[in-house]
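What follows is each chain in one-letter form.
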Amino acid sequence: MSGLTKSFDGHAVLHGIDLSVAAGTLLALLGPSGSGKTTLLRVLCGFERADGGTVEIDGRLVAGDGVHVPSEARRIGYVPQEGAVFPHLSVAQNIVFGLPRAQRRARHRVDELLELVGLPGSYGERPPQALSGGQQQRVALARALAPAPSLVMLDEPFSSLDTALRIETREAVTNALAAGATAVLVTHDQSEALSLGHAVAVLSNGRLVQTDTPEALYRRPATPELATFIGDAVLLPGVVHGDRVECEMGRLMLGRAANAGLVDVMIRPLQIRFCSDTDTDQGHEATVESLTFYGHDATVGLRLVNSASVVSARVAGHLSPRIGERVRVRVEGEVIAYSRAQE
Ligand SMILES: Nc1ncnc2c1ncn2[C@@H]1O[C@H](COP(=O)(O)OP(=O)(O)OP(=O)(O)O)[C@@H](O)[C@H]1O
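Analysis parameters
- Residues numbered from 1 in each chain as written.
- Predicted model: local features only at pLDDT ≥ 70, side-chain atom pairs only at ≥ 80, totals over all residues.
- Heavy atoms only, no water.
- Helix = DSSP H or I, 4+ residues; strand = E, 2+ residues; numbered from the N terminus.
- Buried < 20%, exposed > 50% of the residue type's maximum accessible area, 1.4 Å probe, protein only.
- Contact = heavy atoms within 4.5 Å.
- Areas by Shrake-Rupley, 256 points an atom, 1.4 Å probe, with all protein chains shown as cover.
- Lys, Arg positive; Asp, Glu negative; His and termini not counted.
- Charge placed at Lys NZ, Arg CZ, Asp CG, Glu CD.
- Pairing = 2+ DSSP bridges.
- Phe/Tyr/Trp six-rings, centres within 6.5 Å; stacked < 30°, edge-to-face > 60°.
- Near = heavy atom within 4 Å.
- Polar contact = N/O pair within 3.5 Å; in protein donor to acceptor, adjacent residues only side chain to side chain.
- Core = buried A, V, L, I, M, F, W, Y, C linked by side-chain atoms within 4.5 Å.

**Q** I'm lost on the overall build of the chain in this one. Help?
**A** Helices and strands together make up the secondary structure of the chain, namely 8 helices and 21 strands. With respect to the principal axes defined by its C-alpha atoms, the chain has extents near 75 × 45 × 35 Å. Residues classed as buried in the chain amount to 45% of the 343 residues present. Sequence-distant contacts, at least 24 apart, represent 63% of the contacts inside the chain between residues at least 6 apart. Counting only carbon and sulfur atoms, one obtains 49% of the accessible surface of the chain, whose full area is about 16,900 Å². Considering the chain, the positive charge centre built from 32 side chains and the negative charge centre built from 38 side chains are found 5 Å apart.

Right, here's the structure in full:
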């Protein structure tokens, strides 16, 4: 898609979106509520017309420059949030629903699709109500994949599921899509976007802030706002000298070049590590001020000695310290600096 714009009642919702999805990959479209994800998806599907810009699928212009291919002719499979399956049809009838009449009786196709989404062939004759919410979402995916679409759109397909079903359904969906489908997954869940997307595009107020691999997005977010949106982040004032930055946690290596001068240094809480008792000359002294224990890990609030700053560290649950304890901490790995020059 190129230069896509859309306004509702004079209020701009998409501000010129340029984005491409490589064939055979899953792009996660991540953004907070109201950022324009659904509008973008509706424009791609052809449910909504953009005010400007173009959409091409498999090299074919489907929207823009006076063209508007109707949604049913775009070869897009669509999996909505929930309620996608028709309750009055069997699972098999649901799956073949979008196929030409002549192909609807092909039982082997239903079996193939059920297998693809990880459901037993015997489920074909069941009514959808006899399936769990996650299994129903898999049927919705099988139906979307049945006509071999060029592109599959997944609109928050896991959001109504509880945690266990979510994990199971996510796995089934990624396995099914690994067969080479090109897909766009709309989500407001950071971990879902990072774990499922080959690439992640972040939308904020109708603008794309960054499109990158999950690892690059997490490790080198374009802005401090994006850093805190993608995951927990500690931000400390600092000064850049060459390939290092000086801050209250020491002279740290930069993971991305930054202009010399005043910056905000971004450190992930998992990078703040406790020094062992033998490392007495290493690290910075801090007092444990708060502790939130989650079981497998814990978030520790640390007040740096000789400083007003409190930083947050994430440690394995069995290593969590006691409140009031004096510890030594150091930063592991590279950090990112955001210039304050414009302030
Ligand atoms: N048909 C419409 N008429 C008027 N305004 C609309 C319409 N559809 C969306 N909007 C507005 O456009 C903005 C973006 O909405 P959109 O639903 O695309 O965001 P979203 O990122 O999908 O949010 P959510 O995650 O809550 O679904 C919102 O301010 C919304 O109120």
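**Q** I keep staring at the pairing of strand β2 (residues 11-17) and nothing clicks. Help me out?
**A** Regular strands have side chains that alternate between both faces of the sheet. Taken together, the 5 bridges between strand β1 (residues 2-8) and β2 define a ladder with antiparallel strand orientation. From the neighbouring strand, F8 faces β2, where its bridge partner is H11. Hairpin connection, β1 to β2: the antiparallel pair is bridged by 2 residues, and D9 has positive phi, about 50°.

**Q** Could you clarify how one ought to interpret the sheet that holds β2 in this entry?
**A** Adjacent strands of a sheet pair through backbone hydrogen bonds, lying either parallel or antiparallel. Spatially, β2-β1-β4-β5-β6 is the arrangement adopted by the 5 strands of the open sheet, whose pairing is antiparallel. Lying at the two open borders of the sheet, with one neighbouring strand each, are β2 and β6 (67-68). The pairing of strand β4 (residues 52-57) with strand β5 (residues 60-64) spans 3 bridges and is antiparallel. Bridge pairing in β5 links V55 to A63.

**Q** I keep staring at the environment of L302 and nothing clicks. Help me out?
**A** With respect to the helices and strands, L302 occurs in strand β18 (residues 297-304). The class for L302 is buried, based on a relative accessible area of 0%. Through-space distance from the C-alpha of L302 to that of V329 is 9.2 Å; in sequence the pair is 27 residues apart. The residues touching L302, leaving out its near neighbours within four places in the chain, are I272, F274, A286, T287, V288, S309, V310, V311, A313, V327 and V329.

**Q** Honestly, the packing of aromatic side chains in this entry has me stumped. Any pointers?
**A** Geometry of an aromatic ring pair is reported as the spacing of the ring centres plus the angle between the planes. Enumeration according to the criterion identifies 2 aromatic pairs in this entry. An angle of 80° between the planes, with centres 5.5 Å apart, marks the rings of F47 and Y78 as edge-to-face. Taken together, the residues span a long stretch of sequence, with F47 in the loop between α1 (37-45) and β4 and Y78 in strand β7 (residues 76-79) at a distance of 31 residues. Accessibility expressed as a relative area gives 37% for F47, which makes it partly exposed. Between F86 and F97, the aromatic rings sit 4.7 Å apart at their centres with planes inclined by 55°, giving tilted as the arrangement.

**Q** Please explain the site of the ligand as it appears in this structure.
**A** Contacts to the ligand come from F8, V13, P32, S33, G34, S35, G36, K37, T38 and T39. One nitrogen or oxygen atom from the side chain of T39 is found 2.5 Å from an oxygen atom belonging to the ligand. For the ligand, whose free accessible area comes to 640 Å², the fraction covered by protein is 57%. In terms of residues, the shell around the ligand owes the most to one element, α1, which gives 3 residues.

**Q** Just to check I follow, could you spell out the nonpolar core for this structure?
**A** What tends to happen in soluble globular proteins is that the nonpolar side chains get buried as a cluster. Counting residues in each nonpolar core, the largest one holds 35 residues, and the members touching the most others are I95, L141, L145, V152, L154 and L177. The set of elements that each furnish at least two residues to this core consists of α2 (91-96), α3 (107-116), α4 (133-145), β8 (151-155), α5 (163-177) and β9 (183-187). When residues of this core are assigned to their parent elements, the largest contribution, 6 residues, is made by α4. When residues no more than four places from it in sequence are discounted, the contact partners of L141 are V79, V117, V152, L154, V173, A176 and L177. Core analysis: the second largest hydrophobic core is formed by 26 residues, L254, I267, L304 and V311 among them.

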